[in-house]
Amino acid sequence: MANIKKPKKRRLRRKGNRFRKPRRIIPWRRLLIGGLWGTMALASLAMVVAVAYFAGQMLFASDYFKVDRILVENNHRIGRDQILALSDIRAGTNIFELDLARVSRRIEENPWISRAKVRRLFPDQLVIKVEERVPKAIIRLDYLYYLDASGHVFKRLERGDRLDFPVVTGIDRQALLDAEESTLRQLDEVLKLLDMLQERSIFGMDNVSELRFEDTAGITLYTCSGGVPVRIGKDDFAAKLDRLEKIYPQIRTRLGLIDYIDLNVTRRIIVKLDAGNVRGKG
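Quick summary incoming for the structure in this document. Keep in mind the model is a prediction, meaning the values are calculated, not measured.

### Things to note about the sheet that holds strand β2 (residues 113–121)
Here's step 1: With mixed pairing, the three strands of this open sheet are ordered in space as β1-β3-β2. The open sheet has two edge strands with one neighbour each: β1 (69–73) and β2. Shown here is a sheet whose adjacent strand axes are inclined to one another by a mean of 20°, direction ignored.
Here's step 2: Where β2 and strand β3 (residues 125–132) come together, eight bridges link them in antiparallel fashion. In the sheet register, Ala116 faces β3, and the bridge partner there is Val130.
Here's step 3: Against the sheet, helix α2 (residues 80–87) makes contact with β1, β2 and β3, and its axis sits at roughly 115° relative to β1, the strand it touches most.
Here's step 4: Packing of helix α3 (residues 100–107) onto the sheet brings it into contact with β2 and β3, and relative to β2 it is tilted by some 150°.

### Points about the nonpolar core
Here's step 1: Residues Ile139, Leu193, Ile219 and Leu221 are the most contacted members of the largest nonpolar core, which totals 33 residues.
Here's step 2: Elements with a minimum of two residues in this core: β4 (135–140), β5 (144–148), α5 (181–198), β8 (208–214), β9 (218–223), β10 (229–233), α6 (237–251) and β11 (258–262).
Here's step 3: Looking at this core element by element, the count peaks at six residues for α5.
Here's step 4: Setting aside residues up to four positions removed in sequence, Leu193 forms contacts with Leu211, Ile219, Leu221, Ile232, Phe237 and Leu241.
Here's step 5: Within the second largest apolar cluster, 25 residues are counted, among which are Val67, Ala116, Ile128 and Tyr146.

### Points about the sheet that holds β11
Here's step 1: What the nine strands build is an open sheet, ordered β6-β5-β4-β7-β8-β9-β10-β11-β12; its pairing is mixed. The outermost strands of the open sheet, each flanked by one partner alone, are β6 (153–156) and β12 (270–273). On average, each strand axis in the sheet is tilted by 25° relative to the strand beside it, whichever way the strands run.
Here's step 2: Inspection of the sheet shows β10 paired to β11 by two bridges, in the parallel sense. Across the sheet, Val230 pairs through a bridge with Ile261, a residue of β11.
Here's step 3: Sheet contacts for α5: β4, β5, β7 (167–169), β8, β9 and β10; angle to β8, the most-contacted strand, approximately 155°.
Here's step 4: Contacting β9, β10, β11 and β12, α6 runs over the sheet at an angle of about 160° to β10.

Calculation notes
- Residues numbered from 1 in each chain as written.
- Predicted model: local features only at pLDDT ≥ 70, side-chain atom pairs only at ≥ 80, totals over all residues.
- Heavy atoms only, no water.
- Pairing = 2+ DSSP bridges.
- Helix = DSSP H or I, 4+ residues; strand = E, 2+ residues; numbered from the N terminus.
- Axes fitted to C-alpha atoms, helices over the stretch in contact; angles between N-to-C directions.
- Contact = heavy atoms within 4.5 Å.
- Core = buried A, V, L, I, M, F, W, Y, C linked by side-chain atoms within 4.5 Å.
- Buried < 20%, exposed > 50% of the residue type's maximum accessible area, 1.4 Å probe, protein only.

Spatial relationships are all this shows, so hold off on functional conclusions.
This is the structure:
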């Protein structure tokens, strides 16, 4: 029987470089090109910034852009010289150095000016356009103030100011300062009535010396002639004024004999005669 021997297993030798990590190839050429492009981009950016800086310096230093003329538009009450003084713009100032929003705010410090807009007109001019406040009435608070059509109390009356406006009374000063909703509604009703009176020709603004507001009774008008109270209440002003205008031409010359006129009764007018002394002119 043949003696069969198992073949010996050969021990495999691992070569020394079998488990070595692959060699990393650094793309020097690509890195070099990227670096060159980055350097060129930075240099270009620096050049643009430098050019812009020097161009700006030339603009600010150039006489070509120095303010030579200022135009003032839409001013009626406030004179041009006064507006220029408020703007504080000096002749020769570079047009690019001016903060136009700040100039506008300075001009708006005048109580008569509700809005000011300043714009550049190249190369060396400025245009100042203003919107002036127009008094609608005089309102009595702690002192007498002008009241405009938007309900803005904008100026305390001084010597020489016009007084030929109806006077609004009965509005609480502190409540108005606190912007209480009820007080703002009262003022809104007064302004609404003033707008209606301004459109009337028979009994209008020229016939009213005072508008007094009371919480319960609403608004009472007082006539310029005789100071007769005209009770108009809180609503339906147009219809009430229509009824008053139908009889006003007949009673206009007899206001001194009337105690009050009440328009709060639907479709009627109550004219109460003064049983006492004849009322003098107010």
